[in-house]
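Analysis of the macromolecular model
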Amino acid sequence: MSAENSTRSELAMLSGQAIGVVDLEAMLPPGRLIRADEGEGKVSLWLSSTTPSAALWAAIYRLRDRTGLWPLLLKPLAHDSELRPWESGELFPEMFSSPHIHDHQNLLETWWQEYTDTGSDDDKLSEDERLAVTAPYGRRWPGPAPSMTSRGEPDSFAIGYAEHLTDRLSSLRLGLAAAEQGSDALVSIGWSGPLNHTNDTGEIASVVRGWEDRFGARVVGAGFSDLYLSVSAPPSTDEEALRLAAEHFAFCPDNIWQNTNPATLTSYARGLIGLNAWEFWWD
């Protein structure tokens, strides 16, 4: 079997669309299917052997409806020869629930209550310090942020953000996931980046799915414990940004606790106004 036919066969196995993947053969760099180390060794994704260009990501992204494959820019763990978790197969596609079975608003409220709780014996912050982080809301969940006005086509922002990431990160690989939406791709590849936050990526994907609808979010890439989203409808006012910051805190409290100075919701919210890319990191 020729290398070209081998690639076609691999992609057809992944996507289930033998005809659509023909369009990808000429443009793809060398790569291979990655099987999960856990469970029955299910195929998780197709992974390139080289760093992709932004133009390649954009071309595959435009074909996603025809191929059934969602492109991801995948960042391996720094200075790791096994390119964890991608090449090492530390992926769990059989373990996670479907995003469709969850209510993302209930998830956010539950997480908010958990991470604003002041009753833990090992809490390093006093009650006043803990509540100051999420002021002016304290422990009160403010409810989901309203949908916001798009500043353009979500696809254009996704392609622009892919260009930014490929310029900024030199170790990226191209991953192809069998999914119709980026939120579903996180589950289909078995990504477990937020493991210390929730052991079910289906919950994370459910929230991302809600953001796809309300803010024109698109999943552009992921790392060992990172998530990269483009956004076409960011907040434009302080009030909108603060409501959205509350969602981000519930979704990924480390963004505020460890990556914001000072570590407060109001400080983090200021950076969200007009921001067309959201990046999350779980410790």
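The preceding data block contains the structure.
What comes next is a walk through the structure. Since we're looking at a predicted model, the values are computed, not measured.

Here the focus is the packing of helix α4 (residues 104-115) against helix α8 (residues 201-215). Each pair of packed helices gets described by two things: the angle between the helix axes and the distance between those axes. Put simply, α4 and α8 touch, their axes get as near as 9 Å, and they point 120° apart. Taken together, the axes of α4 and α8 are oblique relative to one another. Here α4 and α8 pass one another in a crossing that is left-handed. Taking contact as the criterion, the partners of His104, Leu107, Leu108 and Trp111 in α4 are, on α8, Glu203, Ile204, Ser206, Val207, Gly210 and Arg214. Counted by class, the contact of α4 with α8 contains five nonpolar, three polar and two charged residues.

The next thing to look at is unusual backbone geometry. Here the amide bond leading from arginine 84 into proline 85 is cis, since omega sits at 0°, within 30 degrees of zero. The residue proline 85 is located in the loop between β3 (69-74) and α4 in this model. Here the amide bond leading from alanine 135 into proline 136 is cis, since omega sits at 10°, within 30 degrees of zero. Position of proline 136 among the secondary structure elements: in the loop between α5 (127-133) and α6 (154-168). Even without being glycine, histidine 79 reaches a positive phi, approximately 60°. Mapped onto the elements of the fold, histidine 79 is located in the loop between β3 and α4. Backbone geometry places leucine 83, a non-glycine residue, at a positive phi of 50°. For leucine 83, the location among the structural elements is in the loop between β3 and α4.

Further remarks concern helix α9 (residues 238-251). Because an α-helix packs 3.6 residues into every turn, residues spaced three or four apart end up facing the same way. In this model, α9 (14 residues) spans 20 Å end to end at C-alpha, consistent with the 20 Å of a helix rising 1.5 Å per residue. Among all positions in α9, only Ala241, Leu242, Leu244, Ala245, Ala246, Glu247, His248, Phe249, Ala250 and Phe251 are buried.

As a further point, take the sheet that holds β3. Pairing within the open sheet is mixed, and its seven strands lie in the order β1-β2-β4-β3-β5-β6-β7. Two strands lie at the open edges of the sheet, namely β1 (31-35) and β7 (277-281), each paired on one side alone. Sheet twist, expressed as the mean angle between neighbouring strand axes with direction ignored, is 30°. Here five bridges tie β1 to strand β2 (residues 43-48), and the two strands are oriented antiparallel to one another. Looking across to β2, one finds that arginine 32 is bridged to leucine 47.

Definitions and cut-offs
Residues numbered from 1 in each chain as written. Predicted model: local features only at pLDDT ≥ 70, side-chain atom pairs only at ≥ 80, totals over all residues. Heavy atoms only, no water. Axes fitted to C-alpha atoms, helices over the stretch in contact; angles between N-to-C directions. Helix = DSSP H or I, 4+ residues; strand = E, 2+ residues; numbered from the N terminus. Parallel < 35°, antiparallel > 145°, perpendicular 65-115°, else oblique. Left-handed = near helix turned anticlockwise from the far one by under 90°. Contact = heavy atoms within 4.5 Å. Nonpolar A, V, L, I, M, F, W, Y, C, P; charged D, E, K, R; others polar. Expected span 1.5 Å × (residues − 1). Buried < 20%, exposed > 50% of the residue type's maximum accessible area, 1.4 Å probe, protein only. Pairing = 2+ DSSP bridges.

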